[in-house]
Number of protein chains: 2
Amino acid sequence: MKPKLTLKQIARELDVSVSTVSKALRDSVEISEETRLKIKAFAKLYNYKPNNIALSLKNRKTRTIGLVLPEIVHDFFATVISGIEEVANQKGYNVLICLSNNSFDREVMNMEMLANGSTDGFIISVAKETQQKEDYHHLEEVINQGMPIVLVDRVVDQLTCDKVIIDDSEGAKNAVQHLIDSGCKKIAIITTVDYVSVGKLRTDGYLEALTSNNIEIDEDLILKIENVDQSQDEINEFLLTREVDGIFTVNEQFATSAVKAINLKGKSVPEDVLVFSFSDGELSRRFIPSISTVDQHGAAMGAKAAELLIERLENTVEEENFQTALVKTSLIERESSRRIKSSAV
Amino acid sequence: MKPKLTLKQIARELDVSVSTVSKALRDSVEISEETRLKIKAFAKLYNYKPNNIALSLKNRKTRTIGLVLPEIVHDFFATVISGIEEVANQKGYNVLICLSNNSFDREVMNMEMLANGSTDGFIISVAKETQQKEDYHHLEEVINQGMPIVLVDRVVDQLTCDKVIIDDSEGAKNAVQHLIDSGCKKIAIITTVDYVSVGKLRTDGYLEALTSNNIEIDEDLILKIENVDQSQDEINEFLLTREVDGIFTVNEQFATSAVKAINLKGKSVPEDVLVFSFSDGELSRRFIPSISTVDQHGAAMGAKAAELLIERLENTVEEENFQTALVKTSLIERESSRRIKSSAV
DNA sequence: TTGTAAGCGTTATCAG
DNA sequence: CTGATAACGCTTACAA
């Protein structure tokens, strides 16, 4: 076991000073060709690599991005990470990931842990609980300390920082419009409780689509779910007791549950009911029938977030000139919304 | 914007020395009650937090774990991360994540990036390409430098370090045995190419199960796939041209493709063919029919890996006394393997 | 009880 | 051209 080589050791070995070694390795013109080559050869031979921690301390920059996410076993967040990691790595940054598990306390702890020098800035998608509490002091504090933050997807309007969002409401509207265009007259929505910002926005999009097509809004066709995990029963009961010909859901999980509920009724998707869902992932792609989705382009969102953050870290952007990047959604039509026999219209 | 407070500033402010402040904050008995309280009050008031980077440099410990994974948009790895993160955070460690995207070069780069002081140790699941090349010099180098490594899931036998694996072969064997017990006579396997260590082991388990039940091995019922993404066609062709009553697949994706292929044939799962898959995830849980799986307990594997690494980092374990933790698999029986009408036997 | 100084590994400034 | 020195923020002998 050979411990890591340091400048000091090289200096001692070659009988020069530490600063000479440092300069030689950085190709300073101050150093004679001869010593420079000698030092570089030695360093290469013994595979010298400067110590990141020492550099961080010196430069007061870690070249590390702190990423705080609500969860990770979830296609969307996983793709976001991919996008961030891709850009970050390519620009020489590392990504320090913490999971809040949707808990406010853990989010606060994580941020405190990282804010003390471990990272240069943050990319955050806030926890559900945080949105519910509407307590953002931990975010404000970090911003006040001069660390840039980029919020992704689950953003907080009242914070002054860069944001990356998709047009949740428009995406939802387009999906519902698609159902309407396919002849649906009675379209239900299965969504989350309102304090989840994106759930609310998607619900808004649903309402807008109906309104702009002069379809009366029926509160009885709106199901708001608190907890995804225990939702199948709720969804079954909801759909068994209502007659609908189209269903819009705010995530893939709800969509598959809806299909099951419809099957339970002895009907099927898409023959009797069309289904369109927000969030594209493997589940939608592989389900039978495959589920039509609103693609959120998670990787693109992540990449954009990383770019915004790095721009700020490297000051290539005006101070105080925060932007909100809007990543476009797109519809991916699959079997679940393809009208087969014209049962409607 | 108030930049971070340092010991030096507190010292200047209170007109004492830096070391007095440092000691007071660490409750040293050397410091008088009076000054200690004064300093602590001040620090608390202005929310002083020591700088992690400086601590890291001083202690030559970062309390950071480097995690290098092949991919992340994949339920299994996502659960592994969750498990690691959980344990790490609870023990005061951070997790620095890098993705290799299954590329050897990226894996090497990532490790070099993190090995220069950024982390105290590594948890790694090696890239497919690395397993193919069988080039592990980057891992050996890190080990030689005295940084502990824990390999997870995709391990490398010839490396001397801690490992966390599941009994892939036994899990597969149990699953196939289950199919046999359910009356299957002609069981096909859809697996990966052999250089993927876990694919190979699962294939071995399949073979073992057949052999120990005196079922002749039919090479024609073994399909080895290189690339998951383009596999549907291959699987269709494979299953359309063979008569089988049971299928074992090494991942969820193959299982869903198999179900589709069977449907294409005008048959169905589980009525005509039973399906059992390795790897449990949301896809299996929600698919129709829901897929029976071998649960890998990813979170448990991650947690175990983090524990092993941290033990080593904190020297609570004998040097050179490496262990291979074997996490037990378990079968989760769902619809896809539940015999409905006894078409077989 | 408090303070000084050295050191963690680097780099930058300034002298020699 | 080379080297000593200080500094990044912190801890810890060792002095005072």
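Residues numbered from 1 in each chain as written. Chains lettered and ligands numbered in written order. Predicted model: local features only at pLDDT ≥ 70, side-chain atom pairs only at ≥ 80, totals over all residues. Heavy atoms only, no water.

### Notes on the protein's contact with DNA strand D
Here is step 1: Taken together, 26 residues lie near DNA strand D, and Thr 20, Lys 23 and Thr 35 of chain A together with Leu 7 and Tyr 48 of chain B sit nearest.
Here is step 2: Near the protein, meaning within 4 Å, the atoms of DNA strand D are sugar or phosphate in a fraction of 63%, with bases accounting for the rest.
Here is step 3: In this structure, Ser 17 of chain A approaches DNA strand D through a main-chain N or O atom, which is 3.1 Å from a phosphate oxygen.
Here is step 4: When contributions to the surface near DNA strand D are tallied by element, the ones reaching two or more residues are α2 (18-25) and α4 (52-59) of chain A together with α1 (7-14), α2 (18-25) and α4 (52-59) of chain B.
Here is step 5: A per-element tally of the surface near DNA strand D places α2 of chain B first, with four residues. (Near = heavy atom within 4 Å. Polar contact = N/O pair within 3.5 Å; in protein donor to acceptor, adjacent residues only side chain to side chain. Helix = DSSP H or I, 4+ residues; strand = E, 2+ residues; numbered from the N terminus.)

### Concerning the sheet that holds strand β6 (residues 187-192) of chain B
All names here are of chain B.
Here is step 1: One open sheet accounts for six strands, arranged β7-β6-β8-β9-β10-β12; its pairing is mixed. Edge positions in the open sheet fall to β7 (222-225) and β12 (330-332), since each of these has one partner strand only. With strand direction ignored, the average angle separating the axes of adjacent strands in the sheet is 20 degrees.
Here is step 2: Inspection of the sheet shows strand β8 (residues 246-249) paired to strand β9 (residues 274-278) by four bridges, in the parallel sense. Residue pairing for β9: Gly 246 is matched across the bridge by Leu 274.
Here is step 3: Helix α9 (residues 168-181) contacts β6, β8, β9, β10 (292-295) and β12 of the sheet and is inclined by roughly 170 degrees relative to β9.
Here is step 4: The sheet strands contacting helix α11 (residues 231-240) are β6, β7 and β8, and the helix crosses β7 at an angle near 170 degrees. (Pairing = 2+ DSSP bridges. Axes fitted to C-alpha atoms, helices over the stretch in contact; angles between N-to-C directions. Contact = heavy atoms within 4.5 Å.)

### Some details on the interface of chain B and chain A
Accessible area lost upon the coming together of the parts serves often as the stated size of an interface.
Here is step 1: Contacts between the two partners involve 60 residues from chain B, matched on the other side by 60 residues from chain A.
Here is step 2: Its largest share of buried area at the contact with chain A, chain B owes to Ile 53, Asn 116 and Arg 286 of chain B, together 14% of the area lost on that side.
Here is step 3: Joining chain B to chain A, the criterion identifies four salt bridges.
Here is step 4: Put simply, Glu 85 of chain B and Arg 106 of chain A hold a salt bridge, and the shortest N to O gap is 3.4 Å.
Here is step 5: Here chain B and chain A share 27 residue pairs in polar contact (both at pLDDT 80 or more) between them.
Here is step 6: Elements with a contribution of two residues or more to the side of chain B that touches chain A: α4, α5 (75-90), β2 (94-99), α6 (104-115), α8 (137-144), α12 (252-264) and α13 (282-286) of chain B.
Here is step 7: In terms of residues, the side of chain B that touches chain A owes the most to one element, α5 of chain B, which gives eight residues. (Buried area = accessible area lost by both parts, 1.4 Å probe. Salt bridge = Lys/Arg side-chain N within 4 Å of Asp/Glu carboxyl O.)

### Thoughts on the side chain of Thr 62 of chain B
Here is step 1: With respect to the secondary-structure elements, Thr 62 of chain B resides in the loop between α4 and β1 (64-69).
Here is step 2: Separated by 3.5 Å, the side chain of Thr 62 of chain B and the backbone oxygen of Ser 118 of chain B make a polar contact.
Here is step 3: Beyond its immediate stretch of four places on either side in the chain, Thr 62 of chain B contacts Ile 53 of chain A together with Ser 56, Gly 117, Ser 118, Thr 119 and Asp 120 of chain B.

### Here we look at the relation of the copies chain B and chain A
Here is step 1: For these two chains of identical sequence, chain B goes onto chain A by a turn of 180 degrees and a shift of 0.0 Å along the axis, with RMSD 0.1 Å. The transformation relating the two chain copies, once decomposed into turn and shift, fits a two-fold axis. Within chain B, Leu 96 of chain B has its C-alpha nearest the rotation axis, a separation of 2.2 Å.
Here is step 2: A high fraction, 100%, of the interface residues of chain B reappear at the interface in chain A, so the copies pair face to face through one surface. (Least-squares fit on C-alpha atoms with pLDDT ≥ 70 in both.)

### What to know about the protein's contact with DNA strand C
Here is step 1: Taken together, 28 residues form the shell around DNA strand C, and within it Ser 19, Thr 20, Lys 23, Thr 35 and Lys 58 of chain B come nearest.
Here is step 2: Taking all atoms of DNA strand C within 4 Å of the protein, the share assigned to sugar and phosphate is 64%.
Here is step 3: Contacts to DNA strand C include Leu 7 of chain A, whose backbone N or O atom sits 2.8 Å from a phosphate oxygen.
Here is step 4: A distance of 3.4 Å is found between a base oxygen of DNA strand C and a side-chain nitrogen or oxygen belonging to Lys 23 of chain A.
Here is step 5: Ranked by residues supplied to the surface near DNA strand C, first place goes to α2 of chain A with four residues.
Here is step 6: Class assignment of the residues belonging to the surface near DNA strand C gives a composition of nine nonpolar, nine polar and ten charged. (Nonpolar A, V, L, I, M, F, W, Y, C, P; charged D, E, K, R; others polar.)

### A short note on helix α14 (residues 298-313) of chain A
Residues and elements named next belong to chain A.
Here is step 1: End to end, α14 covers 22 Å across 16 residues, agreeing with the expected 22 Å (1.5 Å per residue, within 8%).
Here is step 2: Residues Gly 298, Met 301, Gly 302, Ala 303, Ala 305, Ala 306, Leu 308, Leu 309, Ile 310, Arg 312 and Leu 313 constitute the buried set of α14.
Here is step 3: Of the residues flanking the end of α14, it is Asn 315, one or two places downstream, whose phi is positive at about 55 degrees. (Expected span 1.5 Å × (residues − 1). Buried < 20%, exposed > 50% of the residue type's maximum accessible area, 1.4 Å probe, protein only.)

### Considerations on empty space enclosed by the protein
Residue and element names in this part refer to chain B.
Here is step 1: Going through the model one piece at a time under the given rule, you end up with three cavities of 30 Å³ or more.
Here is step 2: In this structure, the largest cavity spans a volume of roughly 130 Å³.
Here is step 3: The wall of the largest cavity is formed by 13 residues, among which Glu 112, Ala 115, Glu 141, Val 142 and Gln 145 lie closest to the centre.
Here is step 4: Sorting the residues of the lining of the largest cavity by element identifies α6 and α8 as the ones contributing at least two each.
Here is step 5: Each residue belonging to the lining of the largest cavity can be placed in one class, and the counts come to four nonpolar, five polar and four charged. (1 Å grid on protein atoms, 1.4 Å probe; cavity = no way out; pocket = protein on both sides within 12 Å on 5 of 7 lines; lining within 4 Å. Points joined across faces, edges and corners; volume = space filled by probe spheres on them.)

### Notes on the UniProt feature "domain: HTH cro/C1-type" (unreviewed entry) in chain A
Here is step 1: Mapped onto the present numbering, the UniProt feature "domain: HTH cro/C1-type" (unreviewed entry) falls on residues 4-53 of chain A.
Here is step 2: End C-alpha to end C-alpha, residues 4-53 of chain A measures 13 Å, and it is 62% helix and 0% strand. (UniProt positions renumbered as here; feature names shortened; annotations may be inferred.)

### Brief notes about the nonpolar core
Here is step 1: Counting 140 residues, the largest nonpolar core has Phe 248 of chain A together with Phe 248 of chain B as the members making the most contacts within it.
Here is step 2: Counting residues in hydrophobic clusters, the runner-up holds 40 residues, among them Ala 115, Leu 139, Leu 151 and Val 155 of chain A. (Core = buried A, V, L, I, M, F, W, Y, C linked by side-chain atoms within 4.5 Å.)

### Digging into the packing of aromatic side chains
Here is step 1: Under the criterion given, the structure shown has five aromatic pairs over all chains.
Here is step 2: With a centroid separation of 6.4 Å and an interplanar angle of 80 degrees, the aromatic rings of Phe 287 of chain A and Phe 287 of chain B are classed as edge-to-face. Of this pair, Phe 287 of chain A sits in the loop between α13 (282-286) and β10 (292-295) while Phe 287 of chain B sits in the loop between α13 and β10, each in a different chain.
Here is step 3: Taking 4.7 Å as the distance between ring centres and 50 degrees as the angle between the ring planes, the aromatic pair formed by Phe 42 of chain B and Tyr 46 of chain B counts as tilted.
Here is step 4: A relative accessible area of 48% places Tyr 46 of chain B in the partly exposed class.
Here is step 5: Geometry around Phe 278 of chain A places Arg 202 of chain A over its ring, the cationic atom sitting 3.9 Å from the centre. (Phe/Tyr/Trp six-rings, centres within 6.5 Å; stacked < 30°, edge-to-face > 60°. Lys NZ or Arg CZ within 6 Å of the ring centre and 35° of its normal.)

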